[in-house]
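Residues per chain are reported as follows:
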Amino acid sequence: MKTIVLGPPGTGKTHTLLEQVETYLKNTDPNKIGYFAFTKKASNEARERAMKKFNYSEDDLPYFRTLHSLAFKRLGWDKTKVMQKRHYEDLGKKIKIPIDYNDWDEEETGLFTTKSDYLRIIHLAKLRNIKLDQQFDLKEHNQKLEYDKLVIIANELEIYKKEYGLKDYNDMILEFTKSENAVPKFDVVFIDEAQDLSLMQWNMTRSIWKKTKDSFIAGDDDQAIFRWAGADVDSFITQKGKILELKESVRVPKVIHEFANKIINRIKNRLPKNWNPKAHKGHLSRYWNFEDIDMNNKHWLVLTRTRYQLNALEEILKEKGLYFENRFKKSYEKYIQEAALNWEHLRKGQPLSYKDIINISQYISSMNWNKDKLKALSKEAFYGIDQLTKGYGLNTKKTWHECFDNAGSKRITYIRKMRANGEKLNKEARIKLSTIHSVKGGEEDNVILSLHQGRKVQKGIRLSVDKQDEEHRVWYVGITRARNNLYKLKAKKKIKEYQL
């Protein structure tokens, strides 16, 4: 029997699936249970909960994984035979057309990422099972492209793979679906975040559940925000089976629930849902300037429509001396702060390990430290500041912000401001910056949602009703990340703002 689990925001969709997993594990061989998620993060969470509950090892649960991982395992592929970044770069050199390829981000998003719209069109055409010219004519690309060049790259890519005996991730899914022997036979299978599956992945999951006694297909079409990456929400909407609708949200408060429903009801092609908010009323407010929001304490999630919009917000937070983390950037301040604390300990007479000393040395220039003498340090020994000045090239005993001349004056100023504000730099940043797409599944007590769409986004959504619907879903997802307070940050120009 097939069960469709509809899980609006905060209603415990994954928790419900894992409860079902626990029920089946009582009487079912773990080898006969398949749990497949869009990302490694989600599949690992399911496996870890089952391991903890029933004292299983990772080997006991071989089919808690992503769909790509399942196909790879069952087909018996060798990683050396899968197209990697270096292969795409090599292909680009051979045909004298640069081809950027990042990778599949199976860990967090489950998405194929590339800066090359040529490669993206080739990829999407396969995912959607349409011809290259059809995908090209959808005009979903941002760059100015030549169709003839697209055809050349697509043909050369296939020739390259054949010549070197290579396959890509799409080939993996297609071969799995066609192979009767590759598809395992389960007693029960769980598909999480099904609204994000591409048509190709839907075909794969159908090949799995056709050989399965029971199946649970879980998702929420209202949170389907990856159509641009090939997701086929219509396949989720048209699924037939027993409906298990989750109705009680433990995340979304009343005023935000009401606000979110006004947005999502703009979409006509969706599954109707009747879900309830938590008892807490919540708070909704709007601001014209980011700097006017008091973020001096508590935890915050700041969301924008696109990555570049985060840059200006970063500068304001730095100026205020507030501790934040941008999902797309490495935070060097945390490491400088760790080195600064160790330097302060060193100045007070505490010996430090070889590792800590080497870490500190990278922030002090050769003017204040002869780094060649560090080669004589023993990796097992501890050293005090007097030892370092006498025999290992250190020429300063000043405070960290005076002698860390390789750390950058802006970073030093920012760290000193954060310290003065009492920010706990040895812990996780209490302010998180992200795009709406990258935070899907996340939540926070206080959410700031920038309403600025940007010219490219607005241009894209004019192309079709489907794109307009997806845009409504994007903002619905952003709104429903808030557990208590939602702050709407107005765009500088109303014309570039999503109209709530």
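Enquirer: Is there a simple way to explain the overall build of the protein chain in this structure?
Expert: Along its length, the protein chain carries 20 helices and 16 strands. The dimensions of the protein chain, computed from C-alpha atoms along their principal axes, are 75 × 60 × 55 Å. Taking contacts inside the protein chain between residues at least 6 apart in sequence as the whole, the part at least 24 apart equals 77%. Carbon and sulfur atoms make up 48% of the accessible area of the protein chain, which totals about 25,000 Å². A distance of 3 Å separates the average location of the 94 positive side-chain charges in the protein chain from that of its 69 negative side-chain charges.

Enquirer: Explain the sheet that holds strand 1 (residues 2-6) to me, please; I cannot follow it from the model alone.
Expert: Two modes of strand pairing occur in sheets, parallel and antiparallel, and in both the strands are linked by backbone hydrogen bonds. What the six strands build is an open sheet, ordered 3-2-6-7-1-8; its pairing is parallel. Each end of this open sheet is capped by a strand with a single partner; those strands are strand 3 (64-66) and strand 8 (242-245). When the angles between neighbouring strand axes are averaged without regard to direction, this sheet yields 20°. Where helix 2 (residues 40-54) meets the sheet, its contacts fall on strand 2 (33-37) and strand 3, and the angle it forms with strand 3 comes to roughly 180°.

Enquirer: Looking at this structure, I do not really get the pairing of strand 1. What am I missing?
Expert: The side chains of a regular strand alternate between the sheet's two faces. Counting buried residues in strand 1 gives five out of five residues, a clear majority hidden from the surface. Burial of strand 1 is two-sided: the residues Lys-2, Ile-4 and Leu-6 facing one way and the residues Thr-3 and Val-5 facing the other way are all buried. In the sheet, strand 1 pairs with strand 7 (residues 214-219) via five bridges, with the strands oriented parallel. By the bridge assignment, Leu-6 is partnered in strand 7 with Gly-219.

Enquirer: When you look at helix 8 (residues 169-178) in this model, what are you seeing that I'm missing?
Expert: In an α-helix, one full turn covers 3.6 residues, which means residues spaced three or four apart are oriented alike. Restricting attention to buried positions, one finds in helix 8 the residues Tyr-169, Asn-170, Asp-171, Met-172, Ile-173 and Phe-176. The N-terminus of helix 8 is capped by Asp-168, whose side-chain oxygen sits 3.0 Å from the backbone nitrogen of Asn-170.

Enquirer: Would you take a moment to explain the packing of aromatic side chains for this structure?
Expert: In this description, an aromatic ring pair is defined by two values, namely the gap between the centres and the angle between the planes. Counted according to the given criterion, the structure contains 20 aromatic pairs. Ring centres of Tyr-383 and Tyr-392 lie 5.2 Å apart, and the angle between their planes is 70°; this geometry places the pair in the edge-to-face category. For Tyr-392, a relative accessible area of 18% corresponds to the buried category. Within the aromatic cluster, the residues linked to one another by ring pairs are Tyr-24, Tyr-35, Phe-64, Phe-190 and Phe-216.

Enquirer: Mind showing me how you'd approach the nonpolar core here?
Expert: Proteins that are soluble and globular tend to have nonpolar side chains buried together. Counting residues in hydrophobic clusters, the biggest one holds 44 residues, and the most contacted among them are Phe-290, Met-295, Trp-343, Leu-388, Phe-404, Ile-431 and Ile-448. Per-element accounting of this core gives the leading share, five residues, to helix 13 (residues 332-347). Excluding anything up to four places from it in sequence, Phe-290 contacts Met-295, Val-302, Leu-313, Ile-316, Leu-317, Ile-448 and Leu-489. In this structure, Tyr-63, Ala-71, Trp-202 and Leu-271 belong to the second largest nonpolar core, which totals 34 residues.

Enquirer: Looking at this structure, I do not really get the packing of helix 1 (residues 13-25) against helix 2. What am I missing?
Expert: A pair of packed helices is characterised by two quantities: the angle between their axes and the separation of those axes. Here helix 1 crosses helix 2 at 40°, and the two axes come no closer than 10 Å. Between helix 1 and helix 2, the angle is such that the two are oblique. In the crossing of helix 1 with helix 2, the sense of the turn from one axis to the other is right-handed. Each of His-15, Leu-18, Glu-22 and Leu-25 in helix 1 lies in contact with helix 2, whose residues at this interface are Ala-46, Arg-49, Ala-50, Lys-53 and Phe-54. Taken together, the residues that form the contact of helix 1 with helix 2 break down as five nonpolar, one polar and three charged.

About the thresholds
Residues numbered from 1 in each chain as written. Predicted model: local features only at pLDDT ≥ 70, side-chain atom pairs only at ≥ 80, totals over all residues. Heavy atoms only, no water. Helix = DSSP H or I, 4+ residues; strand = E, 2+ residues; numbered from the N terminus. Contact = heavy atoms within 4.5 Å. Areas by Shrake-Rupley, 256 points an atom, 1.4 Å probe, with all protein chains shown as cover. Lys, Arg positive; Asp, Glu negative; His and termini not counted. Charge placed at Lys NZ, Arg CZ, Asp CG, Glu CD. Pairing = 2+ DSSP bridges. Axes fitted to C-alpha atoms, helices over the stretch in contact; angles between N-to-C directions. Buried < 20%, exposed > 50% of the residue type's maximum accessible area, 1.4 Å probe, protein only. Polar contact = N/O pair within 3.5 Å; in protein donor to acceptor, adjacent residues only side chain to side chain. Phe/Tyr/Trp six-rings, centres within 6.5 Å; stacked < 30°, edge-to-face > 60°. Core = buried A, V, L, I, M, F, W, Y, C linked by side-chain atoms within 4.5 Å. Parallel < 35°, antiparallel > 145°, perpendicular 65-115°, else oblique. Left-handed = near helix turned anticlockwise from the far one by under 90°. Nonpolar A, V, L, I, M, F, W, Y, C, P; charged D, E, K, R; others polar.

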